[in-house]
Amino acid sequence: MITTNIITAKIEPAIFTRIMAGEKRIEVRTDTFHGARIIRYVDASNPSNTLGYAIVSSPEVEMRTESLNPFPDVLSDVACVDRKTGNRLFEGLTHVYLVGLGEVSNDLESLLKTVTKEKSE
């Protein structure tokens, strides 16, 4: 039996569109990804609405800073969001967790097959 951890992350639909388009390849969060292999994205304003899924393609990295001034701007660039959105999301943070995003789909079953195949190789 193979176990695959899936976490749920709230996201604005406009940002998820960038993930689907391949523009946003790194996920930035304030909490650990708990070893998840797949992220289930839900609409931040309506969490019962699943937007899609992405495979976590790289190990989690924790990023810390003592200097808060440039942190939101740097994270805006990394997270592929504009500076206004970045300031709203990241202002005042001293650390975040990052993972790379791999294959993205609206079909969870296809991503589970991909992850299962990777684990068995």
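Quick caveat, the model's predicted, so the values are computed rather than measured.

Rules of the game
The numbering scheme is per chain: residues are counted from 1 as the chain's sequence reads. It should be noted that, the model being predicted, local features are given only for residues of pLDDT at least 70 and side-chain atom pairs only at 80 or more, the latter also being counted only at that level, while totals for whole chains, interfaces and linings use all residues. As a rule here, side-chain values cover all heavy atoms of the structure and leave hydrogens and water aside. Exposure classes here rest on a 1.4 Å probe applied to the protein chains alone. A residue is buried below 20% of its type maximum, exposed above 50%, and partly exposed in between. Helical segments are the DSSP runs of H or I of at least four residues, strand segments are the runs of E of at least two, and each set is numbered from the N terminus. By arc we mean the arc of the directions from the helix axis to the C-beta atoms, nothing more. Contact between two residues is taken to exist if any of their heavy atoms lie within 4.5 Å; hydrogens are not considered. Orientation is described by axes fitted as lines to C-alpha atoms, over the contacting stretch for helices, and by angles from 0 to 180 degrees between their N-to-C directions. For classification purposes, angles smaller than 35 degrees are called roughly parallel, those larger than 145 roughly antiparallel, those between 65 and 115 roughly perpendicular, and all remaining angles oblique. Crossing handedness is defined as follows: a turn of the near helix away from the far one that is anticlockwise and smaller than a right angle gives a left-handed crossing, while the clockwise case is right-handed. For this classification, Asp, Glu, Lys and Arg are treated as charged, while Ala, Val, Leu, Ile, Met, Phe, Trp, Tyr, Cys and Pro are nonpolar and the rest, including Gly, are polar. Method remark: on a 1 Å grid restricted to protein atoms, a set of points is classed as a cavity if a 1.4 Å probe fits but cannot get out and as a pocket if it is open with protein on both sides within 12 Å along at least five of seven lines; lining residues have an atom within 4 Å of a point. Grid points are joined across faces, edges and corners, and a volume is the space filled by probe spheres set on the points. For two strands to count as paired, DSSP must find a minimum of two bridges between them.

Some points on helix 2 (residues 71–79)
An α-helix turns once per 3.6 residues; consequently, residues spaced three or four apart project the same way.
Working step 1: Among the residues of helix 2, Phe-71, Pro-72, Leu-75, Ser-76 and Ala-79 are the ones counted as buried. Projected onto a plane normal to the axis of helix 2, the buried residues spread over an arc of 135° and lie on a single side.
Working step 2: Residues of helix 2 that are buried sit in contact with strand 2 (26–29), strand 5 (61–64), helix 3 (83–90) and strand 6 (95–105).
Working step 3: Positioned one or two residues after helix 2, Cys-80 has a phi angle of 60°, which is positive.

Quick notes on the environment of Thr-114
Working step 1: Among the structural elements, Thr-114 can be located in helix 4 (residues 108–120).
Working step 2: Taking the C-alpha atoms as reference, Thr-114 lies 35 Å from Asn-87; in sequence the two are 27 residues apart.
Working step 3: Not counting residues up to four positions away in its chain, the partners in contact with Thr-114 are Ile-55 and Glu-103.

Concerning the packing of helix 2 against helix 3
Working step 1: For the pair helix 2 and helix 3, the least separation of the axes is 8 Å and the interaxial angle reads 115°. By the angle class used here, helix 2 and helix 3 are roughly perpendicular. Relative to helix 3, helix 2 is oriented so that their crossing is right-handed. Together, Pro-72, Asp-73, Leu-75, Ser-76, Asp-77 and Ala-79 of helix 2 and Arg-83, Gly-86, Asn-87 and Phe-90 of helix 3 make up the contact between the two elements.
Working step 2: Classifying every residue of the contact of helix 2 with helix 3 gives 4 nonpolar, 3 polar and 3 charged.

Some details on the layout of surface pockets
Working step 1: Of the volumes computed, that of the largest pocket is approximately 430 Å³.
Working step 2: Together, 21 residues line the largest pocket, and Lys-10, Glu-27, Val-28, Arg-29 and Leu-89 are the ones closest to its centre.
Working step 3: For the lining of the largest pocket, the elements supplying multiple residues, two or more each, are strand 1 (6–11), strand 2 and helix 3.
Working step 4: For the lining of the largest pocket, the leading source of residues is strand 1, giving 5 residues.
Working step 5: Across the lining of the largest pocket, the residue classes tally to 10 nonpolar, 4 polar and 7 charged.

Side note on the environment of Phe-16
Working step 1: Note on placement: Phe-16 falls in helix 1 (residues 13–20).
Working step 2: For the pair Phe-16 and Tyr-97, spaced 81 residues apart in sequence, the C-alpha to C-alpha distance is 18 Å.
Working step 3: Contact partners of Phe-16, with chain neighbours within four places excluded, come to Ile-11, Tyr-41, Leu-51, Gly-52, Tyr-53 and Val-104.

Considerations on the pairing of strand 3 (residues 38–43)
Working step 1: Burial within strand 3 is extensive, with 5 of its 6 residues counted as buried.
Working step 2: As judged from the 6 bridges shared by strand 1 and strand 3, these two strands associate in the parallel manner. Within the sheet, the bridge partner assigned to Ala-9 lies in strand 3 and is Tyr-41.
Working step 3: By the bridge criterion, 6 bridges tie strand 3 to strand 4 (residues 46–56) in an arrangement that is antiparallel. By the bridge assignment for strand 4, Asp-43 is matched with Asn-46.
Working step 4: In this structure, the hairpin formed by strand 3 and strand 4 is closed by a connection of 2 residues.

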